[in-house]
Amino acid sequence: MDKAKRKAIIAGNWKMNKTPSEAKALLGEIIPLVADADCEVIACVPYVDLAAAIDATAGTNVKIGAENCHWAESGAFTGEISTGMLKEVGVEYVVLGHSERRQYFGETDETVNKRTKAALAAGLKPIVCVGELLWERECNITEEVIARQIKLDLWDVSKEELKNVVIAYEPVWAIGTGKTATADQAEEVCAFIRAQLAKLYDQDAADAVTIQYGGSMNDQNADELVSKTNVDGGLIGGASLVAEKFAAIVKAASK
Ligand code: 13P
């Protein structure tokens, strides 16, 4: 399938940054800079910023995502947020299985899978993050790690549901470190992910999935990364908090 037929998506992952008023101000800067984007533009923001962000982006081409969700509809899960809560405020996307959740908050492939299925059932579009640790890359088991994550995180996700899934390849060693995977390294793993999807589903289904790269992607390296056949955009941390940098990445993906 021609890469041009796949939807390129540039998504900001704001992580634990920006209060609601700061979110409104940043989106106010971003919106005019990305108004003519020829790719999908998303800002995934902290829960308390969602309402302000959805209000600020109404009628624009910027979509809003959350950074996690729980799998239960409701119940005794202190501190968690349900898919229904996200839907009601107008959220469209949700980041799941981010390496920071896996590293610091005990997220496992099993819980990522539960969250993914719940998000899909609620009509949210999950951005499912996978990626290897530096040690795993050095031990030459990147493909095993990625294959396992893809298989487990998407267990019991149907071919029909896969149409609403975005995969983000985020090598853990490249996140927030300033150390970007080379465009060839990103392409190699994104192509491997697509091959795994083709095995689990079929080639047509795999060809239609947007696979993003994430990890120190910025206005300087975005052009080369998104030019790769299997890299369909990016999930951006630090650079998504600076309007001009984020807009430059959106521009790179719009070519
Ligand atoms: P950085 O772009 O800050 O490396 O973060 C990447 C990331 O984790 C996006 O989800």
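All values reported here derive from a predicted model rather than from experimental measurement. Here the residue index of a chain counts from 1 through its sequence in written order. The predicted origin of the model limits local features to residues at a pLDDT of at least 70 and limits the giving and counting of side-chain atom pairs to 80 or more, whereas totals for whole chains, interfaces and linings rest on all residues. Neither water nor hydrogens contribute to the side-chain values; these are computed over all heavy atoms in the structure.

Structural notes on the overall build of the protein
Note the following rule: Numbering of helices and strands runs from the N terminus, with a helix taken as a DSSP run of H or I at least four residues long and a strand as a DSSP run of E at least two residues long. Here the radius of gyration uses the C-alpha set of atoms, whereas the globule reference equals 2.2 Å times the residue count to the power 0.38. Here's how the labels work: a residue is buried when its accessible area is under 20% of the maximum for its type, exposed when over 50%, partly exposed in between, all with a 1.4 Å probe on protein chains only. Contacts between residues were defined by any pair of non-hydrogen atoms, one from each residue, lying within 4.5 Å. Accessible areas in this description were obtained via Shrake-Rupley with a 1.4 Å probe; residue shielding takes into account the shown protein chains only. In this tally, Asp and Glu contribute negative charge and Lys and Arg positive charge; neither His nor the terminal groups of the chain are included. All charge positions are set by atom: Lys at NZ, Arg at CZ, Asp at CG, Glu at CD.
Check the secondary structure of the protein and you find twelve helices and eight strands. Its C-alpha atoms give the protein a radius of gyration of 17 Å, near enough to 18 Å, the size a compact globule of 255 residues would have. If one aligns the C-alpha atoms of the protein with their principal axes, the spans along those axes are about 45 × 45 × 35 Å. Counting the 255 residues in the protein, one finds 53% classified as buried. The long-range fraction of contacts in the protein, counting pairs at least 24 apart against all pairs at least 6 apart in sequence, stands at 73%. Total accessible area on the protein stands at roughly 11600 Å², and carbon and sulfur atoms take up 52% of it. In the protein, which carries 27 positive and 38 negative side-chain charges, the distance between the mean positions of the two groups comes to 2 Å.

Considering unusual backbone geometry
You will see that Asn 140, though not glycine, has its phi angle at about 65°, which is positive. As for its placement among the helices and strands, Asn 140 is situated in the loop between α6 (134–138) and α7 (142–153). The class for Asn 140 is exposed, based on a relative accessible area of 67%. Positive phi, close to 55°, is recorded for Ser 216, a residue that is not glycine. Along the chain, Ser 216 turns up in the loop between β7 (210–214) and α11 (222–226).

Considering the site of the ligand
Here is the rule we go by: Throughout this document, a residue counts as near a molecule or strand when at least one of its heavy atoms sits within 4 Å of that molecule or strand. Any pair of nitrogen or oxygen atoms within 3.5 Å is treated as a polar contact; in protein, a donor-acceptor pairing is required on top of that, and neighbouring residues in sequence qualify only through side-chain atoms on both sides. Polarity classes work like this: nonpolar for Ala, Val, Leu, Ile, Met, Phe, Trp, Tyr, Cys and Pro, charged for Asp, Glu, Lys and Arg, and polar for all others, with Gly in that last group.
Lining the immediate surroundings of the ligand are Asn 13, Lys 15, His 98, Glu 170, Ala 174, Ile 175, Gly 176, Gly 215, Ser 216, Leu 235, Gly 237 and Gly 238. One nitrogen or oxygen atom from the side chain of Asn 13 is found 3.0 Å from an oxygen atom belonging to the ligand. Side-chain polar atom of Lys 15 to an oxygen atom of the ligand: 2.8 Å apart, as the coordinates give it. Considered on its own, the ligand offers 310 Å² of accessible surface; in the complex 94% of this is hidden by protein. Its residues placed into classes, the shell around the ligand shows three nonpolar, seven polar and two charged.

Re the packing of aromatic side chains
Operational definition: The rule is short: rings of Phe, Tyr and Trp, with Trp giving its six-membered ring, pair when the centres are within 6.5 Å, and they are stacked under 30 degrees, edge-to-face over 60, tilted in between.
For the structure on display, the rule yields two aromatic pairs. Ring geometry for Tyr 104 against Phe 105: centres 6.4 Å apart, planes inclined by 90°, an arrangement best described as edge-to-face.

Quick look at the sheet that holds strand β8 (residues 233–236)
The criterion, for reference: Here, any two strands with at least 2 DSSP bridges between them count as paired. For every element, the axis is a line fit to its C-alpha atoms; helices are fit only across the contacting stretch, and the angle between N-to-C directions ranges from 0 to 180 degrees.
Read around the closed barrel, the eight strands follow the order β1-β2-β3-β4-β5-β6-β7-β8; overall the barrel is parallel. Strand-to-strand, the axes of this sheet are offset by a mean angle of 25°, without reference to chain direction. Where strand β2 (residues 40–44) meets strand β3 (residues 62–66), four bridges bridge the pair, whose relative direction is parallel. In the sheet register, Val 41 faces β3, and the bridge partner there is Val 62. Where helix α12 (residues 243–253) meets the sheet, it contacts β1 (9–13), β2 and β8, and its direction lies at approximately 160° from that of β1.

A look at the nonpolar core
Definition in use: To qualify as a nonpolar core, a set must consist of buried Ala, Val, Leu, Ile, Met, Phe, Trp, Tyr and Cys residues joined through side-chain atoms within 4.5 Å.
One finds Leu 154, Ile 167, Ile 193, Leu 197 and Tyr 213 to be the most contacted residues of the largest nonpolar core, which totals 69 residues. Top element by residues in this core is helix α9 (residues 183–200). It accounts for eight residues. Residues within four places of Leu 197 in sequence aside, it is in contact with Ile 150, Leu 154, Leu 162, Ile 167, Asp 202, Ala 206, Val 209 and Ile 211. Grouped together as the second largest cluster of nonpolar side chains are eleven residues, Ala 11, Ile 127, Val 166 and Ala 168 included.

Focus on the layout of surface pockets
Condition: Every definition here rests on a 1 Å grid over the protein atoms only: cavities are sets of points where a 1.4 Å probe fits but cannot get out, pockets are open sets enclosed by protein on both sides within 12 Å along at least five of seven lines, and lining residues have some atom within 4 Å of a point. Grid points are joined across faces, edges and corners, and a volume is the space filled by probe spheres set on the points.
Computed from the structure, the largest pocket encloses a volume of approximately 490 Å³. Grouping the amino acids of the lining of the largest pocket by side-chain chemistry returns five nonpolar, four polar and five charged.

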